[in-house]
Amino acid sequence: MPHFIKGAALSNYTLRQVQSLSQKVYKWPIQPAEAALVETKTPTLVFVLDGWLRNIPMAALYDGKQYLVEKYNIALTPSLQLIEPKSSKKEFKAIVAGLTEASSGFSALPNVKLELEEIGSQVPSSILLNQEFTSKTLQNRINSLSFPKDEQAYLTAK
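So, here's what we can say about the structure. (Residues numbered from 1 in each chain as written. Predicted model: local features only at pLDDT ≥ 70, side-chain atom pairs only at ≥ 80, totals over all residues. Heavy atoms only, no water.)

### Examining the overall build of the chain
The secondary structure content of the chain amounts to 6 helices and 4 strands. Beginning at the N terminus, the succession of helices and strands in the chain can be written as α-α-β-α-β-β-α-β-α-α. Here the chain holds 158 residues, and 19% of them are scored as buried. Expressed as a percentage of contacts within the chain between residues at least 6 apart in sequence, the contacts between residues at least 24 apart total 61%. (Helix = DSSP H or I, 4+ residues; strand = E, 2+ residues; numbered from the N terminus. Buried < 20%, exposed > 50% of the residue type's maximum accessible area, 1.4 Å probe, protein only. Contact = heavy atoms within 4.5 Å.)

Here is the structure:
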């Protein structure tokens, strides 16, 4: 019997009874996805359990030959909270940079200019293109922007 079942509140059950119950539960969430899990070589299963499901030891689910923990890494989290995205009232600004000319053995990328302009049409941007795109010019543009104090600390810590 695996160590994670020993001493559990299952002492009144035989090993076969525990395996039978565990196999029934295995058939609900795991068996329908089993082929896809094998095909994608999934190494870890993450469970977000709620309500009475929190009382089921997922590692002890049984397929008739192996326990789940023998086939996968198991990760459990007590809850998951999805937060609705909120529209920010901050105005975003971007520094966008790129090269259209061939450089350092790389081919020319003529569409980069169009792509940077497209970004600029959606977000107020400072564009650095070709010869303007140097580490010194980029650092000067970054320094010319005003960031909230917490973001300034992040930028200078990098």
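### Quick word on the packing of aromatic side chains
According to the stated counting rule, one finds 1 aromatic pair in the structure shown. Centroid distance Y62 to Y67: 4.8 Å. Interplanar angle 45°. Geometry classified as tilted. Owing to a relative accessible area of 10%, Y62 belongs among the buried residues under this scheme. (Phe/Tyr/Trp six-rings, centres within 6.5 Å; stacked < 30°, edge-to-face > 60°.)

### Section: the nonpolar core
In terms of nonpolar packing, the biggest core is built from 12 residues, these being V25, Y26, I30, L37, L45, F47, L49, I56, M58, L61, L68 and Y72. For this core, the secondary-structure elements that each account for two or more residues are α1 (15-27) and β1 (44-48). Those residues in contact with L37 that lie beyond four places of it in its chain are T42, L45 and Y72. (Core = buried A, V, L, I, M, F, W, Y, C linked by side-chain atoms within 4.5 Å.)

### Quick look at the side chain of S126
Among the secondary structure elements, S126 is positioned in strand β4 (residues 125-129). One polar contact links S126 to R141, side chain to side chain, over a distance of 2.5 Å. (Polar contact = N/O pair within 3.5 Å; in protein donor to acceptor, adjacent residues only side chain to side chain.)

### Remarks on α1
Helix length check: α1, at 13 residues, gives a terminal C-alpha distance of 18 Å against a target of 18 Å (1.5 Å per residue), a fit within 8%. Here α1 has its buried residues at V18, Q19, S22, V25 and Y26. Around the axis of α1, the buried residues are gathered within 125° of arc, so they sit on the same side. Pointing more than 90 degrees away from the buried face of α1 are the exposed residues R16 and K24. Elements that come into contact with the buried residues of α1 comprise α2 (34-39) and α3 (68-71). (Expected span 1.5 Å × (residues − 1). Arc of directions from axis to C-beta.)

### Examining the pattern of salt bridges
For the coordinates displayed, the defined rule picks out 3 salt bridges. Across the pair E34 and K71 runs a salt bridge, and its minimum N-O distance is 2.9 Å. Of this pair, E34 sits in helix α2 while K71 sits in helix α3; the two residues are 37 residues apart in sequence, bridging distant segments of the chain. Residue R54 pairs with D50 through a salt bridge whose shortest N-O separation is 3.1 Å. On the basis of relative accessible area, R54 is assigned to the partly exposed category, the value being 48%. Residue classification places D50 among the exposed positions, given a relative accessible area of 55%. Salt bridges sharing partners connect three or more residues here, namely E34, D63 and K71. (Salt bridge = Lys/Arg side-chain N within 4 Å of Asp/Glu carboxyl O.)

### Here we look at the pairing of β1
Consecutive side chains along a regular strand alternate between the two faces of the sheet. Burial along β1 is one-sided: L45 and F47 are buried, and none of T44, V46 and V48, which face the opposite way, are. Across 5 bridges, the pairing between β1 and strand β2 (residues 73-77) is parallel. By the bridge assignment for β2, V46 is matched with A75. (Pairing = 2+ DSSP bridges.)

### Some details on the pairing of β4
When strand β3 (residues 94-98) meets β4, the two strands line up parallel, connected through 5 bridges. Bridging from a neighbouring strand, G98 pairs with L129 of β4. For the handedness criterion, the β-α-β arrangement of β3, helix α4 (residues 111-122) and β4 is classed as right-handed. (Right-handed = clockwise from strand over helix to strand, strands pointing away.)

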